[in-house]
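Coordinate inspection notes
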Amino acid sequence: MMISIVSQLSICCFSLGLIMCTYAYTSPEEDEELKRIAREQGFDPDNPKPGTVMLTPPKLSAEDEGSQFMPKAYRCDGCTAIAYQLNKEFEAAEKKKKKGATLTEAEILEVTEDVCEGEFKNYGLKNVQGVNYLSGEGLKANDMSGMVEAGGKWAKRLQNICKEIMGNYEEETVYSYYQVKEVDLRAFICDNYCNFNGAVPIGTKDEF
């Protein structure tokens, strides 16, 4: 597999044993930027070797780049990420107690506050074959090949979503949803949120 960075950019990756490629026509300025990225990754863009795979950063819209809030296209997956973190932290907190014991009101509050003030350092926007997805722990895009722009504004945006969710539900109510093991927490707190925001998630990881 070979990538040639000229007026037509070819980005290829392996998927289930097949080579999948997407193509995008670029301007001379974009060509130079892509060549710079290739050199940073140790590739010679003017003489690519067979087997070369170059990942490119996501192209950001004005909303992606400038808004302090999560762009609408990623809000549903943002809620999924928060539900995943809440589920994980509630579980971790319960493991510190005697078997079968539930969390106290103070412990529930501590968990939700910790999640909402979390760093979310591995979450961000990922370019997957030319399409942007919110990526991070608990999201399917986390396991897809691509370059991520993470941290910074994306962490702040997830904190805002978490606080928005906590503004819609009492902390004890969220914990009671978590305790219903037959239905995952995301279904309780994100289904209506996703419908309201008009965004469709690409899905959650099987273990969530």
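In short, a report on the structure. (Residues numbered from 1 in each chain as written. Predicted model: local features only at pLDDT ≥ 70, side-chain atom pairs only at ≥ 80, totals over all residues. Heavy atoms only, no water.)

Okay, the layout of surface pockets next. Where empty space is left can be seen by rolling a probe of water-molecule size over the atoms. Roughly 230 Å³ of volume is contained in the second largest pocket. Considering the residues around the second largest pocket, the lining is formed by Q85, K88, E89, D114, V115, G118, E119, F120, K121, N122, Y123 and E137. Within the residue set of the lining of the second largest pocket, elements represented by two or more residues are helix 3 (72-95) and helix 4 (105-116). If one sorts the elements of the lining of the second largest pocket by residue count, helix 3 sits on top with three residues. (1 Å grid on protein atoms, 1.4 Å probe; cavity = no way out; pocket = protein on both sides within 12 Å on 5 of 7 lines; lining within 4 Å. Points joined across faces, edges and corners; volume = space filled by probe spheres on them. Helix = DSSP H or I, 4+ residues; strand = E, 2+ residues; numbered from the N terminus.)

Alignment of strand 3 (residues 124-128) against strand 4 (residues 131-135), held across five bridges, turns out to be antiparallel. Each bridged residue has a counterpart across the sheet, and for G124 the counterpart in strand 4 is S135. (Pairing = 2+ DSSP bridges.)

What follows covers the packing of helix 3 against helix 6 (residues 171-179). The interhelical angle for the contact between helix 3 and helix 6, taken along N-to-C directions, is 85°, at an axis separation of 11 Å. Relative to helix 6, the element helix 3 lies roughly perpendicular. Contacts between helix 3 and helix 6 pair L86, N87, F90, E91 and E94 from the former with V174, Y175 and Y178 from the latter. Of the residues in the contact of helix 3 with helix 6, the class split is five nonpolar, one polar and two charged. (Axes fitted to C-alpha atoms, helices over the stretch in contact; angles between N-to-C directions. Parallel < 35°, antiparallel > 145°, perpendicular 65-115°, else oblique. Contact = heavy atoms within 4.5 Å. Nonpolar A, V, L, I, M, F, W, Y, C, P; charged D, E, K, R; others polar.)

Further remarks concern unusual backbone geometry. The phi angle at F120 is positive, at roughly 45°, despite the residue not being glycine. Its place among the elements puts F120 in the loop between helix 4 and strand 3.

Moving on, we come to a negative patch on the surface. On the surface, E89, E110, E113 and D114 cluster together to form a negatively charged patch. No other element matches helix 4, which puts three residues into the negative patch. Locating E113 in the fold gives a position in helix 4. For E113, a relative accessible area of 45% puts it in the partly exposed group. (Patch = residues over 30% accessible without salt bridge, like charges linked within 9 Å, V, L, I, M, F, W, Y side chains within 5 Å. Areas by Shrake-Rupley, 256 points an atom, 1.4 Å probe, with all protein chains shown as cover. Salt bridge = Lys/Arg side-chain N within 4 Å of Asp/Glu carboxyl O. Lys, Arg positive; Asp, Glu negative; His and termini not counted. Charge placed at Lys NZ, Arg CZ, Asp CG, Glu CD. Buried < 20%, exposed > 50% of the residue type's maximum accessible area, 1.4 Å probe, protein only.)

Turning our attention to the side chain of K126. Looking at the secondary structure, you find K126 in strand 3. Reaching out from K126, the side chain makes a polar contact with the side chain of S135 at a distance of 3.4 Å. When near neighbours in sequence (up to four residues on either side) are disregarded, K126 contacts P58, V131, N132, Y133, S135, A141, N142, M144, S145, G146, M147 and V148. (Polar contact = N/O pair within 3.5 Å; in protein donor to acceptor, adjacent residues only side chain to side chain.)

Purely geometric stuff here, so don't read any function into it on its own.
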